[in-house]
Every structure is written in structure tokens, then in C-alpha cells.
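Examination of the molecular architecture
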Amino acid sequence: MIRLTRRYRFCASHRLHAAGLSDAENRALYGKCNNPHGHGHDYTLEVSVSGQVDAESGRVGDLAALDTLVREQVLEPFDHHDLNKEVPAFAERVPTTENLAIEIRSRLAGRWHRVFPGEGPALDGIRIQETKRNRFELLD
Amino acid sequence: MLITRRADFSASHVCRLERLSDEANRALYGADSNPHGHGHNYVIEVTLEGDPEPETGMVFDLKRLKDVLHREVVEPMDHRFLNLEVPPFNTVVPTTENLAIEVWRRIEPHLAGPRVRLHGVRVYETEDLYVDYFGGQP
């Protein structure tokens, strides 16, 4: 078994604000991330796939197909967009990096078998860095 | 406990299957199939798993690990064209996957001991693409 990891980048803005809490409670909970007009990050996304190496091609999977899936499902809808206002999944859900990881994993997993049918590689996990100082992982 | 040592080397390679046409190779490997090859600054991370020896406080002598990496991997591969100069890549396509497996095969026999074993090999082809191999059926 081999695990291959590909790194992608996108820039997006967000605001952390829970609708059920008061303004004071939101400020206490989210700090600067609650500032009313939002702010942005350069996110780094790692997507790992795992499987058997094909004896002839020496590859675990089609990297171009992975790139296309991530571009269509994550980079195009998220990059240079406001997550709260432009990504329907975050209209009601707070776009913390935890929720962002769950949303990205769900987008990739939902279309995985269409892109990698049969013996293709499995989705092994994703990792998101919101800044250089924090990292969130969701492992399959 | 896991301990990891990093090393790097620069090499050229080309990924193509001779039985396929240029178009089919391009569809399979993209720009990696360009016939005259291209290069990367490869980074390898080698991770050992073991318990510190009570007297020395070390899992493994890192100088020895550095020497093994240099002798088995860096020296034979640095500034070489992998397909032409580094077996088995005259017959095995030097993808990042196969490179990780080959690094494991070269170093593993030199790193086994009563309290230590090779845990994993990570090969970065670029900052944005890396492969992990943990031994066993690849």
C-alpha cells in the first residue's frame, strides 16, 4: 500500500458567527474571527489517496483526475470567494476550519467512485492549514 | 517513538512506457512523459520506530542513519538521470511511488536492530506532491 498526497491552495474570506449566540457571546467565543466584515486566509489543502501501485505504470492513481476533482469541487467554488455568502453549505453552518474540512471531505467522497471506479485508489484523508500555525486533519 | 531524518538530492527522470504512443504517454503521465526528461529537487524523510536505548538515550545513531541515507540513496542518485544511471529505473518507471519503494529497499536492511525498525519513507517530488510507503505489498 502506498499513500500519495497532493497539496493545493486557495484563498477565501469568512466570518465566524453562531446565529444562536449574542454578539457579546460570539465575540467571546470567536475573538477577532467574529469581526463583522469578515477576513481571509490562504488555505492549504492536502488530499491523500492510498492503494496498490500498478505494476506497469508505477502509479497509485490518476493524478490528473484527482486534480480535476479537487479543482471542480473545492478550488473553483471556494478560491477568492466569501465562504459565508457564496458557498451554500456555510449559509447556516459556521465556516470554521473544522466545518470546512467536513464539507471538503464530503464533496470529494460523494464523487470519488465516479472518478476512481473499481480498484482505483481510496480517499485516505485530508488536511487543511488555515494559517501556518494550525492544521486540521480528517482521516478516513 | 518515531524519529525522522531528512535528506535531499536532485535528479532527472522521465515517466513513459515504451509500448505506448507519445499521446498515450502524455495522457497517462502528463508533462512527466516529455522524452528528454526533466528534474526535481527530491526530499526524502526516513522515519524509524523504536525505544531509546537506556544508556545512550538514543533510538538510533543519527550519524549512522545519515551515512546510510547518503551511501544508499543520495550518493547514487544525486545529479543523475534516474532512468539511465540508477537501476532498477532502466526497467521500472521512476514515479514518486516507485522511488519511495526503492528508497525503502535500499536502506531497510541497514536499519533493522533489536530495538528499532524502519517505519516509513516519504518522498517529496515537489513541495506539493509526496508519497508515503510503510513497507509490505506496495
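A few points on the structure. (Residues numbered from 1 in each chain as written. Chains lettered and ligands numbered in written order. Predicted model: local features only at pLDDT ≥ 70, side-chain atom pairs only at ≥ 80, totals over all residues.)

**Regarding the overall build of chain B**
Within chain B, the regular secondary structure consists of four helices and five strands. Taken from N to C terminus, the helices and strands of chain B fall in the order β-α-β-α-β-α-α-β-β. Across its three principal axes, chain B shows a C-alpha extent of roughly 60 × 30 × 25 Å. When each of the 138 residues of chain B is scored for burial, the buried share is 33%. (Helix = DSSP H or I, 4+ residues; strand = E, 2+ residues; numbered from the N terminus. Buried ≥ 20, exposed ≤ 12 C-beta atoms within 10 Å, placed from the backbone.)

**Examining the pairing of strand β1 (residues 2-13) of chain B**
All names here are of chain B. Relative to strand β2 (residues 38-50), β1 is paired through twelve bridges, and the arrangement is antiparallel. Following the sheet pairing, Arg6 is matched in β2 by Glu45. As defined by bridge partners, β1 adjoins strand β3 (residues 80-81) across two bridges and the pair is classed as parallel. Residue pairing across strands places Ala11 opposite Arg80, the latter belonging to β3. (Pairing = 2+ DSSP bridges.)

**Focus: unusual backbone geometry**
The peptide bond linking Pro87(B) to Pro88(B) adopts the cis configuration, its omega dihedral lying at 10°. Tracing the backbone shows Pro88(B) in the loop between α3 (82-85) and α4 (96-107). Of note, the phi angle at His80(A) is positive, near 60°, even though the residue is not glycine. Inspection of the secondary structure puts His80(A) in the loop between α2 (63-78) and β3 (81-82). Of note, the phi angle at His79(B) is positive, near 60°, even though the residue is not glycine. With respect to the helices and strands, His79(B) occurs in the loop between α2 (62-77) and β3.

**Some remarks on helix α1 (residues 22-29) of chain B**
If you check which residues of α1(B) are buried, you get Asn25(B), Leu28(B) and Tyr29(B). Viewed end-on, α1(B) has its buried residues packed into an arc of 75°, placing them on one side of the element. (Arc of directions from axis to C-beta.)

**Some remarks on the interface of chain B and chain A**
On the side of chain A, 14 residues touch chain B, which itself brings 19 residues to the contact. Elements with a contribution of two residues or more to the side of chain B that touches chain A: α4 and β5 (129-133) of chain B. Of the residues forming the side of chain B that touches chain A, the biggest block, five residues, is contributed by β5(B). Here the side of chain B that touches chain A is built from residues that sort into ten nonpolar, five polar and four charged. Pairing between strand β1 (residues 2-14) of chain A and β5(B): five bridges, direction antiparallel. When the sheet's bridge partners are listed, Leu4(A) is paired in β5(B) with Val131(B). (Contact = placed C-beta atoms within 7 Å. Nonpolar A, V, L, I, M, F, W, Y, C, P; charged D, E, K, R; others polar.)

**Comments concerning α2(A)**
Residues and elements named next belong to chain A. For α2, built from 16 residues, the straight-helix expectation of 22 Å at 1.5 Å per residue is met to within 8% by its first-to-last C-alpha distance of 21 Å. If you look at α2, its biggest bend is around 45°, right at Arg71. Of the positions making up α2, those classed as buried are Leu66, Leu69, Val70, Val74 and Phe78. Looking at the buried positions of α2, the neighbouring elements they touch are β1, β2 (39-51), β3, α3 (83-86) and α4 (97-115). Two residues or fewer after α2 comes His80, characterised by a positive phi angle close to 60°. (Expected span 1.5 Å × (residues − 1). Bend = angle between axes of the 7 residues up to and from the residue.)

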